[in-house]
Amino acid sequence: MNIVQSKTSQSSLSPELIAKFRNIVGDKYAMTDPADIAPYTTEERDLFHGHSPLVLRPGSTAEVAAICKLASEHRIALVPQGGNTGLVGGQTPHNGEVVISMRRMDKIRDVDTASNTMTCEAGVILQVAQQRAAEVDRLFPLSLGAEGSCTIGGNLSTNAGGTTALAYGVAREMALGLEVVLADGRVLNGLSKLKKDNTGYDLRNLFIGAEGTLGIITAATLKLFPKPRAIETAYVGLKSPADALKLLSLSQNEAAGTLTSFELLSEISVDFSIRHGIDVRDPLESKHRWYVLMELSSPRDDARATLEAILAKGLEDGIVDDAVIAANLSQRQAFWKLRDEMSAAQKPEGGSIKHDISVPVAAVPDFIAEADAAVIKQIPGSRPVSFGHLGDGNIHYNVSQPIGGNTADFMNRWHEVNKVVFDIVLRLGGSISAEHGIGVLKRDELPDVKDKTAIALMRAFKAMLDPLGIMNPGKVL
Ligand code: FAD
């Protein structure tokens, strides 16, 4: 089904113009064959389908600049793409735009352990960046389920959050400098390693979270952190989100800055993951209504004792019903696999209407209770599947179709269900997009929920940086 409407139309690409683009990147890296292009025009969940006459795979900033200059001269719309793991349709060419795949720009240009920085090209895979940091005894803490295929450029363009935002912040907080190619082909050279640089407006932050609508990020200087000496992970069974909130508060007090992840998982999300994930096992012997996957990362060897003390207190206070601490690395990986498989595990259950929301942390239990009641009333038999980053007030609130129901009929109610959920989110002071972005999925809702002056300023920045509207048109705004 098509859950988005087209907003723009692409001017046609003549064979001569295709040849000019081809000259910039070289024959091998300009694709026009529909079979080669297909992987770039849809995404894994099959929610968004686009089409494109041309996919370009530039290998350098100079090539990206030449592409943008030529596109600008001929008013050709471009869609930047990294790992194509985005969840809001931002990387899909919905209207026949030219796709600029950044995956070939995958060099790590510099690692500086004295300054604690690493400069990566936009196409570096997140996991590769993490591994490189580990090799020099540092941590690059951004971590998410798609880390084996998403790219640094995509992470910054979506301002990705993930499972460690609780301790280290979101992608925005991990970037010191950016190199960006503007719509007209000019290069903004901002690859600064400086923590302190008060020389005017913060341009870097304009491009982070812009989802490719203001320019193409070609490289970034990222912050590195000390590598934890001890990581301890627990999988906890409990009765309610309210108890999970109490456990969060207890953990933050006891573990101070060493609490790095605190994920809330509903029973059904765990069931789906065990049923449909490959090699996913339930770490606990009996079933619980809710679970928490929590992790402590410490520069000292005290993480285990701290975690045991937190769980003992939780059991004593009646907050925790059961818990297991990973005994070794493979058990820790098994706990995280159960969590990481959750997004994919909803697909075999039929249609799933997605929400990536945030509310103040204290309001999460009320949000879940109200949203569950409202969507079940709206579509009897529908199955709320909530899980996510409780420590950040960020819940992936998905709704699976009733068992045996008609998938197309259910998915046609996408925006209707969104409205019910978003009304609750807004009443509780939350956001309709916590970490996945706006893309096309939430584009039409954005003007209704965002401050009018903020929307006007966003439009003004867009008009200034991309006056011809060629940079990922129809996304965000
Ligand atoms: P793409 O999907 O290719 O693009 C995403 C957006 O960025 C598009 O608008 C695109 O135009 C733009 N873009 C890409 N590269 C550039 C560039 N170099 N310059 C300018 N614009 C660019 N996200 C989270 O935040 N937290 C999670 O926990 C999380 N978990 C996920 C789990 C799974 C299983 C999956 C499939 C996705 C998950 N995501 C999560 C969403 C996704 O992985 C992130 O949004 C990621 O940051 C996207 O990176 P990408 O390289 O795949 O970008």
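Throughout, residues of each chain are indexed from 1 in the direction in which the sequence is written. Residue-level local features of this predicted model are given only where pLDDT is at least 70; pairs of side-chain atoms are given and counted only at 80 or more, and the full residue set underlies all totals for whole chains, interfaces and linings. Only hydrogens and water are set aside when side-chain values are computed; all heavy atoms of the structure are taken into account.

**Student:** Kindly report on the sheet that holds strand 4 (residues 98-101), identifying the contributing residues and their values.
**Tutor:** Across the sheet, which stays open at both edges, the four strands sit in the order 1-2-4-3 with mixed pairing between neighbours. Bordering the open sheet on either side are strand 1 (30-31) and strand 3 (78-81), each of which pairs with just one other strand. A pair of strands is labelled paired if DSSP reports no fewer than 2 bridges between them. Starting at the N terminus, helices and strands are each numbered in turn, a helix being any DSSP run of H or I of at least four residues and a strand any DSSP run of E of at least two. As judged from the four bridges shared by strand 3 and strand 4, these two strands associate in the parallel manner. When the sheet's bridge partners are listed, Pro80 is paired in strand 4 with Ile100.

**Student:** Give me the packing of helix 1 (residues 15-25) against helix 3 (residues 61-73): which residues, what numbers.
**Tutor:** Each axis is a line fitted through C-alpha atoms, taken for helices only over the stretch in contact, and angles between the N-to-C directions span 0 to 180 degrees. Where helix 1 meets helix 3, the closest approach of the two axes is 9 Å, and the angle between their N-to-C directions is 165 degrees. In terms of their interaxial angle, helix 1 and helix 3 are classed as roughly antiparallel. Crossing of helix 1 against helix 3: the hand is right-handed. Along the contact surface, helix 1 presents Leu17, Lys20, Phe21, Ile24 and Val25, while helix 3 presents Glu63, Ala66, Ile67, Leu70 and Ala71. Per-class residue counts for the contact of helix 1 with helix 3 are eight nonpolar, no polar and two charged. What sets the label is the angle itself: under 35 degrees gives roughly parallel, over 145 gives roughly antiparallel, 65 to 115 gives roughly perpendicular, and the rest give oblique. Here is the rule for handedness: rotate from the far helix to the near one, and if that takes an anticlockwise turn smaller than a right angle the crossing is left-handed, while a clockwise turn gives right-handed. Contacts are assigned to residue pairs that have any heavy atoms within 4.5 Å of one another. For this classification, the nonpolar set comprises Ala, Val, Leu, Ile, Met, Phe, Trp, Tyr, Cys and Pro, the charged set comprises Asp, Glu, Lys and Arg, and every other residue, Gly included, is treated as polar.

**Student:** Could you give an account of unusual backbone geometry, with specific residues and numbers?
**Tutor:** The backbone phi angle of Glu211 is positive, close to 55 degrees, even though this residue is not glycine. Relative to the assigned elements, Glu211 resides in the loop between helix 7 (204-207) and strand 10 (216-223). Burial classification: accessible surface area is computed with a 1.4 Å probe over protein chains only, and a residue below 20% of its type maximum counts as buried, one above 50% as exposed, and the rest as partly exposed. You can call Glu211 buried: its relative accessible area is 9%. Here the phi dihedral of Asn472 falls at roughly 45 degrees; this positive angle occurs in a residue that is not glycine. Counting through the fold element by element, Asn472 comes out in the segment after helix 17 (452-465).

**Student:** Account for helix 15 (residues 414-427), naming residues and giving values.
**Tutor:** Here helix 15 spans 20 Å end to end across 14 residues, near enough to the 20 Å set by a 1.5 Å rise per residue. Turning to helix 15, its buried residues number three or more, namely Trp414, Val417, Asn418, Val421, Phe422, Ile424 and Val425. Seen end-on, helix 15 carries its buried residues on one side only, within an arc spanning 155 degrees. At its buried positions, helix 15 is contacted by strand 16 (352-353), strand 17 (356-358), helix 13 (364-378), strand 19 (394-400) and helix 14 (407-411). Positioned one or two residues after helix 15, Gly429 has a phi angle of 80 degrees, which is positive. For a helix, the expected span equals 1.5 Å multiplied by the residue count minus one. Along the arc lie the directions from the helix axis toward the C-beta atoms.

**Student:** Which residues make up the packing of aromatic side chains, and what values do they have?
**Tutor:** Each pair of aromatic rings taken from Phe, Tyr and Trp, with Trp reduced to its six-membered ring, is defined by centres within 6.5 Å and is described as stacked if the planes are under 30 degrees apart, edge-to-face if over 60, and tilted in the remaining cases. One pass over the structure, following the stated rule, counts four aromatic pairs. Here the aromatic rings of Tyr168 and Phe225 are separated by 5.2 Å at their centres, their planes lie at 70 degrees, and the arrangement is edge-to-face. Note that Tyr168 is positioned in helix 6 (residues 165-168) and Phe225 in strand 11 (residues 225-226), a separation of 57 residues in sequence. You'll find Tyr168 and Phe225 in the same group, each marked buried. Where Tyr235 meets Phe335, the ring centres are 5.9 Å apart and the plane angle is 45 degrees; that geometry is what we call tilted.

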